[in-house]
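Tertiary structure, described
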Amino acid sequence: MFKLENIRYKDILNIDYLELGSEKITAISGPSGGGKTTLLRLLINFISPDAGEIYYKDNPLEDYSPEDIRKNIKMLGQQPIMFGETIQEEFQIALDFANISDYQVSNYKELLSIVRLDKDLSDDSSELSGGEKQRLALARLLLLKPEILLLDEPTASLDKDNQKHILDFLAEYAKTNGSKIIMVTHSPELTKEIAQDQIIIADGKVQEGAVIND
Amino acid sequence: MTNGIEGGVVDIPLIQLIIAYFFVIILIIIVRKQKIDKEKQIILAATRMTLQLVIVGFLLEYIFEMPHPGITLLILLIMEGFAVQNIFSRVSTELSFKMKKVTTISMFTGTVFTLFFFLILVIGLSPWYYPRYFIPIAGMIIGNSMTGISLGVEHLVNQIKKNPDKIEAALMLGASPQQATRKVANQAFYNAILPTVNSMIGMGIIFLPGMMTGQILSGVSPFLAIRYQIAIMMGILGSVTLTTYLLVKLGVKTYFNDRMQLTIKND
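Rules and cut-offs
- Residues numbered from 1 in each chain as written.
- Chains lettered and ligands numbered in written order.
- Predicted model: local features only at pLDDT ≥ 70, side-chain atom pairs only at ≥ 80, totals over all residues.
- Helix = DSSP H or I, 4+ residues; strand = E, 2+ residues; numbered from the N terminus.
- Rg over C-alpha atoms; globule rule 2.2 N^0.38 Å.
- Buried ≥ 20, exposed ≤ 12 C-beta atoms within 10 Å, placed from the backbone.
- Contact = placed C-beta atoms within 7 Å.
- Axes fitted to C-alpha atoms, helices over the stretch in contact; angles between N-to-C directions.
- Parallel < 35°, antiparallel > 145°, perpendicular 65-115°, else oblique.
- Left-handed = near helix turned anticlockwise from the far one by under 90°.
- Nonpolar A, V, L, I, M, F, W, Y, C, P; charged D, E, K, R; others polar.
- Core = buried A, V, L, I, M, F, W, Y, C linked by C-beta atoms within 7 Å.
- Pairing = 2+ DSSP bridges.
- Domains from an automatic or database assignment.

What follows deals with the overall build of chain A. Assigned secondary structure in chain A consists of seven helices and 11 strands. Scaling as 2.2 N^0.38, a compact globule of 214 residues should have a C-alpha radius of gyration of about 17 Å, and chain A matches this with 17 Å. Seen along its three principal axes, the alpha-carbon backbone of chain A occupies a region of about 50 × 35 × 30 Å. Across the 214 residues in chain A, those meeting the buried criterion constitute 44%. Pairs at least 24 residues apart make up 72% of the contacts formed inside chain A by residues separated by at least 6 positions.

The helix and strand tally for chain B stands at 12 helices and two strands. What you see in chain B, going N to C, is helices and strands ordered as β-β-α-α-α-α-α-α-α-α-α-α-α-α. Over its C-alpha atoms, taken along the principal directions, chain B stretches across nearly 75 × 55 × 35 Å. Each of the 267 residues in chain B was classed as buried or not, and the buried ones make up 29%. Here the contacts in chain B between residues at least 6 apart in sequence split such that 74% fall between residues at least 24 apart.

The next point concerns the packing of helix 4 (residues 69-90) of chain B against helix 6 (residues 131-162) of chain B. All names here are of chain B. Where helix 4 contacts helix 6, the two axes come as close as 10 Å, and the packing angle between them is 20°. By the angle between their axes, helix 4 is roughly parallel relative to helix 6. Our pair here, helix 4 against helix 6, has a crossing hand that is right-handed. Here Thr-72, Ile-75, Leu-76, Met-79, Glu-80, Ala-83, Asn-86, Ile-87 and Arg-90 of helix 4 come into contact with helix 6, specifically with Pro-131, Phe-134, Ile-135, Ala-138, Gly-139, Ile-142, Met-146, Ile-149, Ser-150 and Val-153. Partitioning the contact of helix 4 with helix 6 into residue classes produces 13 nonpolar, four polar and two charged.

Counting residues in each nonpolar core, the largest one holds 110 residues, and the members touching the most others are Leu-43, Ile-44 and Leu-150 of chain A together with Ile-137 and Ala-170 of chain B. Ranked by residues supplied to this core, first place goes to helix 6 of chain B with 14 residues. Apart from the residues within four sequence positions on either side, Leu-150 of chain A is in contact with Leu-40, Leu-43, Ile-44, Ile-73, Met-75 and Ile-182 of chain A.

Turning our eyes to something else, we now look at the packing of helix 6 of chain B against helix 11 (residues 222-253) of chain B. Residues and elements named next belong to chain B. At their nearest, the axes of helix 6 and helix 11 sit 8 Å apart, and the two run at 35° to each other. For the pair helix 6 and helix 11, the crossing hand works out as right-handed. Taken together, the residues of helix 11 that come into contact with helix 6 (itself represented by Ile-137, Met-140, Ile-141, Asn-144, Ser-145, Gly-148, Ile-149, Gly-152, Val-153 and Leu-156) are Ile-232, Gly-235, Ile-236, Ser-239, Val-240, Thr-243, Thr-244, Leu-247, Val-248 and Gly-251. For the contact of helix 6 with helix 11, a count of residues per class yields 11 nonpolar, nine polar and no charged.

What follows concerns the interface of chain B and chain A. Residue-level contacts link 15 residues of chain B with 20 residues of chain A. Considering each element in turn, the side of chain B that touches chain A owes the most residues, seven residues, to helix 7 (residues 164-172) of chain B. For the side of chain B that touches chain A, the residue count by class is seven nonpolar, four polar and four charged.

Here the focus is the sheet that holds strand 4 (residues 51-56) of chain A. Residue and element names in this part refer to chain A. Read from one edge of the open sheet, four strands run 2-1-4-5, paired in antiparallel fashion. What marks the edges here is a single partner per strand, and that holds for strand 2 (13-20) and strand 5 (59-60). Contacting strand 1 (2-9), strand 2 and strand 4, helix 1 (residues 36-43) crosses the sheet at an angle of about 120° to strand 1.

Residue and element names in this part refer to chain B. With domains assigned, chain B is organised as domain 1 (1-66) and domain 2 (69-266). Distance from the C-alpha centre of domain 1 to the C-alpha centre of domain 2: 30 Å. Facing five residues of domain 1, the contacting portion of domain 2 comprises six residues. Broken down by element, the side of domain 1 that touches domain 2 gets its largest block of residues, three residues, from helix 3 (residues 39-65). Taken together, the residues of the side of domain 1 that touches domain 2 sort by class into four nonpolar, one polar and no charged.

All names here are of chain A. Residues Ile-73 and Met-75 line one face of strand 6 (residues 73-76) and the alternating positions Lys-74 and Leu-76 line the opposite face, and both faces are buried. Examined bridge by bridge, strand 6 and strand 7 (residues 148-152) share four bridges and lie parallel to one another. Considered in strand 7, the bridge of Leu-76 is made with Leu-151.

Here we come to unusual backbone geometry. Pro-127 of chain B follows Ser-126 of chain B through a cis peptide bond whose omega is -5°. Here Pro-127 of chain B is to be found in the loop between helix 5 (97-123) and helix 6. You will see that Asn-6 of chain A, though not glycine, has its phi angle at about 50°, which is positive. Structurally, Asn-6 of chain A is set in strand 1. Phi at Asp-58 of chain A is positive, roughly 70°, even though this residue is not glycine. Its location among the elements puts Asp-58 of chain A in the loop between strand 4 and strand 5. Owing to 7 C-beta atoms within 10 Å, Asp-58 of chain A belongs among the exposed residues under this scheme.

All right, on to the pairing of strand 9 (residues 197-202) of chain A then. All names here are of chain A. Most of strand 9 sits out of view: five of its six residues are buried. Note: strand 3 (residues 25-29) against strand 9, four bridges, orientation parallel. Looking across to strand 9, one finds that Ala-27 is bridged to Gln-198. In terms of strand pairing, strand 9 meets strand 10 (residues 205-206) through two bridges, oriented antiparallel. Bridge pairing links Ala-202 to Lys-205 in strand 10.

Here we take up the environment of Gln-134 of chain A. Residue and element names in this part refer to chain A. Take Gln-134: it is sitting in helix 5 (residues 130-143). As a C-alpha pair, Gln-134 and Ala-171 span 37 residues in sequence and 18 Å in three-dimensional space. Among residues more than four places away in sequence, those in contact with Gln-134 are Pro-80, Pro-154, Ser-157 and Leu-158.

Here you go:
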């Protein structure tokens, strides 16, 4: 799906060659500050590389219009950010951002139950805990059914039980929806069972011999 | 100490005008007694006000005597220039070159369009450059737009700088730059028009507006003064709306490049 050639971005990333996103789930791990989040931001074209080329479906990413890129590729940042006052509004605002008008309220409830958020749609989203916000932000993203999901540590604020539940669900989601998931995780141990492709990035470079394709 | 009404206006002889400075003396006595240490500023402000108004009085007398489109336009340009400069100095946050450009364009476009619309279609002024009407009306429109746009640009810039993560989180979900900044832009717009809306609410009950008071004092019928006041309020509202709308629409764009990337986040 993505191919990176001779990518340089400030002093943060320095990747000679990398292919990723062809498997259902790709996990990117490595130490903090190593360039993982910057890589996701390059893939969604929030930043452009100082040098090199990123290819998306064999065409340079910069040849696609920003609208096309953001229609197909969506991302969940490390910090879950709420936009509305209630949980229902969070879903509605996300649909509005993505220009999707075809939806049902029952979808919201189903997604809440998938991410194990036992809340009413009328509950105040700003009063949720960090972990609850993270799960709501993930549910909100899943509602949009993007072709590619870029997830930046989507389970960072969750306990082990919820982490496993969400990761298992993501594996199932990728299988049934045909979406590709590229996720950053602080520990490769977490994702080794669900990711078909594991990449380790440290000091802005892909660690040689660490790219594992099953 | 009373004066007869000459031509509908009570004259203020120079000696009586000097008596009005009694209130400045009261203020100086109070600040001295309270040890507020602002006497110099008060004296400077009163002196500046006096000198500036005397100079403007002579200037207006000269301009009104000899109406000329070039001079009227030159004065409009000077007023716009001072207003833009005043906006930049009023705003507490630092503005980028692009934002200064947008502020200037919005201010000029919004006020000039409204001014000519108002003078030609509402007042029906002929010739259009007749300075006795053109200059005071331009002053009211530009002054109020300056206040509105200052509030608008300050909110817009501060909120975008404070919330880059929130704006980018919206972009992550597929929002356009306009959608991602809609809340901030709407609030900036609302902040800008609020003083004008509030002054319309209080007008006639809480206070009598300056222009209307001036006209009544100069012998104009209150009914005509009210018509002028209503018309100018509509003009001010139109100008504040237009200048601020342009500001938020164009201002938001200065934070994104042609790849719809939020540039402040990447600096």
